[in-house]
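# A structural walkthrough
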Amino acid sequence: MKRSNCFAVFFAVVGLFAGKVGATVTLLSPAVSLSPDVSMQAASQSDEASQPRLVRVQTEDVTLALLCEPDGRLSFAYFGPTFSGDEALIARRYIGRPDAFEDMRPSAYLAYGGRNYLEPALKVVHADGSQTVELVVEGVETESLDSNRERTVVRMRDKLYPMSVELIYTAYRAENVITQQVCVHNEARGKRPIELENVYSAYMPVMAPSYYLTHFYGTWAHEMQLVEERLTPGVKTIESRKGVRTTQSENPSFLLSTGAPARADEGEVIAGALAWSGNYKLSFELDESGRLNVLGGVNPFGSRYRLETGDSFTTPEMIWSYSASGYGLAARQLHDWTRQYALHDGETVNSVVLNSWEGAYFNFDEATICRMIDDAASMGVETFVLDDGWFGNNYPRNDDRAGLGDWQVNRQKLPGGIDSLARYAVSKGLRFGIWIEPEMVNPASDLAQAHPDWVVKSPGREVPTMRNQWLLDLTNPEVQDFVVETFRNTVGLSSSISYIKWDANRHVESMGSEYLPEDRQSHFWIDYTRGLYSVYERIRKEFPDIEIQLCSSGGGRLDYGALQYHDEFWTSDDTDAYERIKMQFATNLIYPAEATAAHVSIVPNHQTGDRAPLKLRFDVAMMGRLGLELQPRHLTDEEFAFARRAVETYKDIRPVIQLGDLYPLRSPYEPGDWCARMFVSKDKSRAVFFAFSLDYHDRMASTDFKLQGLDPERRYKVTELNSAGSDTFWGNGQTFTGDYLMRVGVNPWLQRRGASTVLLLEVQP
């Protein structure tokens, strides 16, 4: 990592003690006055105990440090590039109150009470009605999980009440990624419940001259749109209260840069993402001292959570990536971490898919599907997926108004059943997949008639419908069993099924659960998501080899909580290439291209009506997991031949795209109407460069794209891919040094809107 002037970043990540593998170190707090109901070991009053003690975390390039203060408080000390000089860090002082010259080191985890006047990370209501918390450090333990991961647990306890809090941090050395979560324990004796009002996964205080927040917003068929804004005094909030499809609008991830807007290859950037598929909240509060206070975790909205004696509550993980070299490095670190730890089977390339939806919708029979399978095989596709419309008999699924919940094969459409189609696909050299939406039910279904108590609804009120469907209550273990059984039975329709597309097409309205007790209705928002994760875990344990696509009306469930159980995600129902350029660029600043399902569809596009050239549609889709979303019979012979060549080309380069390093060279959100990205293999022997013209450029307009990530000492042959008749780059077929390509660059001729180029770079002997 390049050296830089580190801005003072303070955030709620505890330092890992720099000890031996497997070592455990316990730091005890000094003696404190405790209530008789609390048992805590306290250190003796000694000279050593009267000094702050440093707890340090070390990744390959980043140091994080916390201080255990003499009075038991846990303060944050430093986050940035590795340095030497612990003594100065311990001695460093802060003046943090606007009305007093007193030392106010930032807290590592803000609890309500004492001097805190900001939104707290932790706020509880004790059994006696008190709402304040004062935490002191009881001990710090470190554990080596393997050669790359270390976990630190900071154990804290309230000075007065029988409540303890664990701050849990996992550091990933090679990826420079740290995750954080919090566990709260009610240790009272007898029936003395506490209620959690705020319990965020992480608190991060940052001090810098200015702050620029990049975040992502949208709606159905327009997800993951990027916006950057300078934060001003006050509170900026990114949140969801939808319960399901919580990322359909805002995404629980962000980039934070200081001093200047974020750049791809320079400047200090923090990337954050929450691993939670339910209601979430990210808060950015710029206070009067100039400090930015960042919170991330479960949304407190309507979610007061009761802990009985002996109960615990563990938050989802907040994921952090730090870069001193721009958001490109932060993204690459997240992608490496995702492939290793947050994506099912993340080291395997994903196959080329033909999905039946936009090619057939609900209107198909066996002959239609078999013809699509034939064409898919001829085109070189590897997996065929039968989408919505294959099920329901008493309430046949001929449109979206009936059948959800009745997961039996529609005998009229498919008299031979699913097994005959799946075996036919396998006989053609394809894998076979199928669509389900097991969390939902149509009112017009056998399931809705048999189990009205399974439907999410507010007591005594009409159940609102969305897309003609209701939501099943996953807080209920019986419903969880039903969903697992639905998955099991669907896979059991044929031994040749190896892919499931899991969809979810509505969010929560008029919340209520017939399963939860009256005094636990506010648990719904959290327990639904926990129920979903329980289902995922059971399915993954039983079916580890089934490939599962994460879909929710498109990108409505794109977060690290759900992604860990899936092999890929459906980015958006919008398959328009012009729209996808921006959408995929933004998505891949957080989530990896390997998992980004990107499909070529017919024109005019079914969502936008736009007409993109077939070359552009393939060039854009090849920047992710390539697939097709069309009826092959609608292609001309020339288009079909081009598609077949493009699919074979993609198979050759996909290891670079799916498993290599991404370099975002030119953002489509910046002035100029260009976009450029490249992928480089880990050994730097191959790279693939993509560039697009987003609008008309006059005859005098030209631009150079300086490449990144290559070996400057090696020579690369440049070959243009997906050519549509004439070269866009004058150097096609020539060899250049990596140094030239990175310092001078390439200047393809891209004049018209929709013009694109793809260049393969290969090291020469």
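Model, not experiment: these values are computed from the prediction.

## What about the sheet that holds strand S29 (residues 497-502)?
Reading around the circumference, S24-S25-S26-S29-S30-S31-S32-S33 is the order of the eight strands in this closed barrel, with parallel pairing throughout. Adjacent strand axes in the sheet meet at a mean angle of 30° when their direction is disregarded. Inspection of the sheet shows strand S26 (residues 431-436) paired to S29 by five bridges, in the parallel sense. Across the sheet, isoleucine 434 pairs through a bridge with isoleucine 500, a residue of S29.

## Examining the pattern of salt bridges
What the rule picks out here adds up to 47 salt bridges. Among the ionic pairs, glutamate 197 bridges to lysine 123, the shortest N-O distance being 2.5 Å. One end of the pair, glutamate 197, is in strand S12 (residues 194-199); the other, lysine 123, is in strand S7 (residues 122-125), and 74 residues separate them in sequence. By the burial criterion, glutamate 197 is buried, and lysine 123 matches it.

## Side note on the packing of helix H7 (residues 477-491) against helix H8 (residues 524-542)
Put simply, H7 and H8 touch, their axes get as near as 10 Å, and they point 35° apart. Considering the relative orientation of H7 and H8, their crossing is right-handed. Between H7 and H8, the residues in contact are Gln480, Asp481, Val483, Val484, Phe487 and Arg488 and Gly531, Ser534, Val535, Arg538, Ile539 and Glu542, respectively. Looking at side-chain class alone, the contact of H7 with H8 contains five nonpolar, three polar and four charged residues.

## Considerations on helix H2 (residues 327-342)
The terminal C-alpha atoms of H2 lie 20 Å apart, and with 16 residues this falls more than 12% below the ideal 22 Å at 1.5 Å per residue. The buried count for H2 comes to 13 of 16 residues, which makes it a mostly enclosed element.

## Description of the sheet that holds strand S3 (residues 62-68)
One open sheet holds the three strands; their spatial order is S2-S3-S4, and the pairing between them is antiparallel. Edge positions in the sheet fall to strand S2 (53-58) and strand S4 (74-81), since each has one partner strand and no second. The sheet shows a mean angle of 20° between the axes of neighbouring strands, direction not considered. When S2 meets S3, the two strands line up antiparallel, connected through six bridges. Paired with leucine 54 across the strands is leucine 67, a residue of S3.

Calculation rules
- Residues numbered from 1 in each chain as written.
- Predicted model: local features only at pLDDT ≥ 70, side-chain atom pairs only at ≥ 80, totals over all residues.
- Heavy atoms only, no water.
- Pairing = 2+ DSSP bridges.
- Helix = DSSP H or I, 4+ residues; strand = E, 2+ residues; numbered from the N terminus.
- Axes fitted to C-alpha atoms, helices over the stretch in contact; angles between N-to-C directions.
- Salt bridge = Lys/Arg side-chain N within 4 Å of Asp/Glu carboxyl O.
- Buried < 20%, exposed > 50% of the residue type's maximum accessible area, 1.4 Å probe, protein only.
- Left-handed = near helix turned anticlockwise from the far one by under 90°.
- Contact = heavy atoms within 4.5 Å.
- Nonpolar A, V, L, I, M, F, W, Y, C, P; charged D, E, K, R; others polar.
- Expected span 1.5 Å × (residues − 1).

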